[in-house]
Each structure stands twice: as C-alpha cells, then as structure tokens.
Amino acid sequence: VRQLGMTLPPVPTVSQLLRTLRVNALKHLSQNFLLDGNIADKFVRAAGPLRDVHVIEIGSGPGTLTRAIMRAQPKSLTVIEKDARMLPFVEILKPVAPCEYRIIQGDALRVDYSSVLPASAGGPVKVIANLPFNIATPLFFNFLRDLSARQGLFAAGQTDMTLSFQAEVAQRIAAPAGSPQRSRVSILAQHLCDVTLPVSLPRTVFVPAPKVDALVVHLRPRAASDVGYDALERVARVVFSSRRKILSNNFSPYFEDGPAAADFLASVGIVPTVRAQELTLDQLCDLTRALLSSGHLAQLPARKHVADEA
C-alpha cells in the first residue's frame, strides 16, 4: 500500500470486498467508485495536512478515500454514507482506525450537520468528499449557505472543503472574471472562499467510468464580507440571467426604464455595456451595496431553485 502518512494494518482490499459482497455501483445513486489508492492519496493531499484535524467524509462508497484519509492520521474521522450496502466497507476499518472514527448512515442532503462533529471537536475541520454527481451542486450550495451563516460544520471556525465535481461544474466554480465559464456559482463560491483546482480525475479512474471527467476543488474560507450571501445571490441571478445581453438590459426590468438602469450602473463605476462574465467580484459587491442602499435590491427576483444557481 502506498503510504500517505502511515500504513494501515492488514484488512481486505476494496476490490476483494466488492467481489466478496457482490456489490455494484447503482446508477440512480450516481455511484462511480474510486478504487485506485494512489489517486485517493493525491485527493487527500489536496486537502493539506490532516494531523490534529477533524475530517468529515461524505459519500464514502467502498472506502478507498476513507483509507487514504486514515493514512494521513487525522484527529477524528466521521463518515456519512447513504447506501447501506457500503457500510461493511467502512465498518471493517474500525479496528485499524488510527483516530476517533464514526460512521453515520444518512442522506448528505438531509443530515443535521450541527450534530455531526464529535463532542471532542476543537480546532480545524476539513470536509473531503468524492461527491456523487447528482447531489454535488445542491449539497455544495447548502454548504455555502451554512458557511455564510457560520452554522453547521462552519460554526466553530476554519472549515476547508475538498470536493470532487464534474469537470464542467468545477471549472465554473473556479472561473475568473473574463472567462466564458464565469457564472453565478463562480461569484458565490469565490465571495466566500479562495478556490483552487489541485487534482484532475479522468473518467478512467472511476468504476464504472462516467461519461465526463472530474476535478477536485479545494475551497478555503475567506474573511467574512459586509455583503451578505442572499443579497449577492439576488444580484448575481440578474447579472447572469442573460449572458449575451449587455448588463443594463438585464437590469432594465427592475428600473423605470432602460436608461435609468444604465445610469445607475455608471454611477457605481460599471460600464453599462459590459457583459456578465466580465465583472469582477469587487464590482459585483459594489453593485450589491448600491442596490441595497437605493432600495432596488428588493425588486430583484429571489432564489427559487438550487439547480438554477449553478
């Protein structure tokens, strides 16, 4: 076994367990198993050192990433897994776990994260997850909202996230101003976190192989801003409502007429003919403050569906 920080005592390999228990990935759960221990070690290294860290793993699957996390010797490890068929894969690791180790069977979208950390928790927390593609976006936005409110896993202080996404979604999360992939998720994620893409996961490393490649996204929380998440989300929704239009056209329905929207944007230092993807985060924050102080923010549409935010 390739060492990340230590070698676990002998236990059956993931492949052996899959054959013995006759477990296959389920399409309706969007399961694509990561079986390569070397790739799992790279994934875990992207999260940074884990000693003295409380780790939350979401969607452990057959436990390849779980084993890599254990090799990095965290202070504690809590695994959340929905599929009961996967529990033996992580339960078999209890006797060899080098840290406090808990397993929670539950739906990651419904878990009460305020009660997930062990009672002994103190110090940094890291969320590490090879996310099923079908829950990745809604779960990510749940986490961003919790981070903005400093609640759940983010209540105690610094909580990093190291998560896998479809490559297209990951690229949107990290897209800088001027990128054609810039979107609402870029703005909301980068408002709260410093974002990097440290590891590529070709589709061939998964079993069964999905139709697309994946990327690991590392998110480290930034200092709190005076611009609230909900306010910025409302502005970003309008900004990116029609990417091909100039910005003043996107805002004109919420002002008395088109020229009024253009004049308002100009007063904030934004060229009215700019397009959504060209705006920097600072410009969007300035625009949000101005809309809030002028009373126009209340006229903008509120969030309806999580899926719309990506």
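Cut-offs applied
- Residues numbered from 1 in each chain as written.
- Predicted model: local features only at pLDDT ≥ 70, side-chain atom pairs only at ≥ 80, totals over all residues.
- Heavy atoms only, no water.
- Helix = DSSP H or I, 4+ residues; strand = E, 2+ residues; numbered from the N terminus.
- Buried < 20%, exposed > 50% of the residue type's maximum accessible area, 1.4 Å probe, protein only.
- Contact = heavy atoms within 4.5 Å.
- Areas by Shrake-Rupley, 256 points an atom, 1.4 Å probe, with all protein chains shown as cover.
- Pairing = 2+ DSSP bridges.
- Axes fitted to C-alpha atoms, helices over the stretch in contact; angles between N-to-C directions.
- Polar contact = N/O pair within 3.5 Å; in protein donor to acceptor, adjacent residues only side chain to side chain.
- pLDDT = per-residue confidence, 0-100.
- Core = buried A, V, L, I, M, F, W, Y, C linked by side-chain atoms within 4.5 Å.
- Parallel < 35°, antiparallel > 145°, perpendicular 65-115°, else oblique.
- Left-handed = near helix turned anticlockwise from the far one by under 90°.
- Nonpolar A, V, L, I, M, F, W, Y, C, P; charged D, E, K, R; others polar.
- Salt bridge = Lys/Arg side-chain N within 4 Å of Asp/Glu carboxyl O.
- Phe/Tyr/Trp six-rings, centres within 6.5 Å; stacked < 30°, edge-to-face > 60°.

Observations regarding the overall build of the chain
A count of helices and strands for the chain gives 11 helices and nine strands. Here the chain holds 310 residues, and the buried ones make up 51% of them. Nonlocal contacts in the chain, meaning residues at least 24 apart in sequence, comprise 72% of its contacts between residues at least 6 apart. Entry remark: accessible area of the chain is about 13,700 Å², with carbon and sulfur atoms responsible for 51%.

Here's the deal with the sheet that holds strand β3 (residues 76–81)
Here we have seven strands laid out as an open sheet, ordered β4-β3-β2-β5-β6-β9-β7, and mixed in their pairing. The strands lining the two open edges of the sheet, one partner per strand, are β4 (100–105) and β7 (193–201). Sheet twist, expressed as the average angle between the axes of neighbouring strands with direction ignored, equals 20°. Bridge count for strand β6 (residues 159–166) against strand β9 (residues 214–221) is six bridges, and the pairing is antiparallel. In the strand pairing of β9, Thr-162 is matched with His-218. Running at roughly 155° to β6, helix α5 (residues 133–149) makes contact with β2 (54–58), β5 (125–129), β6, β7 and β9 of the sheet. With respect to the sheet, helix α6 (residues 167–174) is in contact with β6, β7 and β9, its orientation differing from that of β6 by roughly 135°.

Thoughts on helix α2 (residues 37–45)
Those residues of α2 not exposed but buried are Ile-39, Ala-40, Asp-41, Phe-43 and Val-44. Where α2 is buried, its residues contact β1 (33–34), α3 (64–71), β5, β6, β7 and β9. You can read the cap of α2 off the contacts: a side-chain oxygen lies 2.8 Å from the backbone nitrogen of Asn-38, and it is on Asp-36.

Focus on the confidence of the model for the chain
Taken over all residues, the pLDDT of the chain has a mean of 89, while the share at 70 or more is 88%. Confidence scores differ between elements of the chain, with helix α1 (residues 14–21) showing the lowest mean pLDDT of 66 and α6 the highest of 98.

Some points on the nonpolar core
The biggest cluster of nonpolar side chains holds 66 residues, and the ones touching the most others in it are Ile-58 and Phe-251. Among the elements that take part in this core, α5 stands out by supplying eight residues, more than any other. If we skip the residues at most four places from it in the chain, Phe-251 touches Val-235, Val-238, Val-239, Ala-261, Leu-287, Leu-291 and Leu-300.

So, the packing of α6 against helix α7 (residues 184–192)
Relative to each other, α6 and α7 sit at 55°, their axes nearing to 6 Å. On the basis of their axis angle, the class for α6 and α7 is oblique. Every pair of crossing elements has a handedness; the one defined by α6 and α7 is right-handed. Listed contacts from α7 to Arg-172, Ile-173 and Ala-174 of α6 are Val-185, Ser-186, Ala-189 and Gln-190. Per-class residue counts for the contact of α6 with α7 are four nonpolar, two polar and one charged.

Re the pattern of salt bridges
Inspection of every chain in the model, using the stated rule, returns 13 salt bridges. With its nearest N and O atoms 2.8 Å apart, the salt bridge here joins Arg-289 to Asp-286. With Arg-289 and Asp-286 both in helix α11 (residues 281–294) and three residues apart, this pair spans about one turn of that helix. Here the salt bridges share partners, and the residues they tie into one network are Lys-82, Asp-107 and Arg-110.

Overview of the packing of aromatic side chains
According to the stated counting rule, one finds five aromatic pairs in the structure shown. For the pair Tyr-113 and Phe-143, a centre-to-centre distance of 5.3 Å together with 75° between the ring planes defines the contact as edge-to-face. Linking Tyr-113 in the loop between β4 and β5 with Phe-143 in helix α5, this pair joins segments that are 30 residues apart in sequence. By relative accessible area, Tyr-113 is classed as buried at 8%.

What to know about unusual backbone geometry
For the bond from Val-207 to Pro-208, the omega torsion is -10°, close enough to zero to count as cis. Examined against the element boundaries, Pro-208 turns out to sit in the loop between β8 (206–207) and β9. Despite not being glycine, Arg-150 shows a phi value in the positive range, around 50°. When you line up the elements, Arg-150 lands in the loop between α5 and β6. When its relative accessible area of 34% is taken as the criterion, Arg-150 is described as partly exposed.

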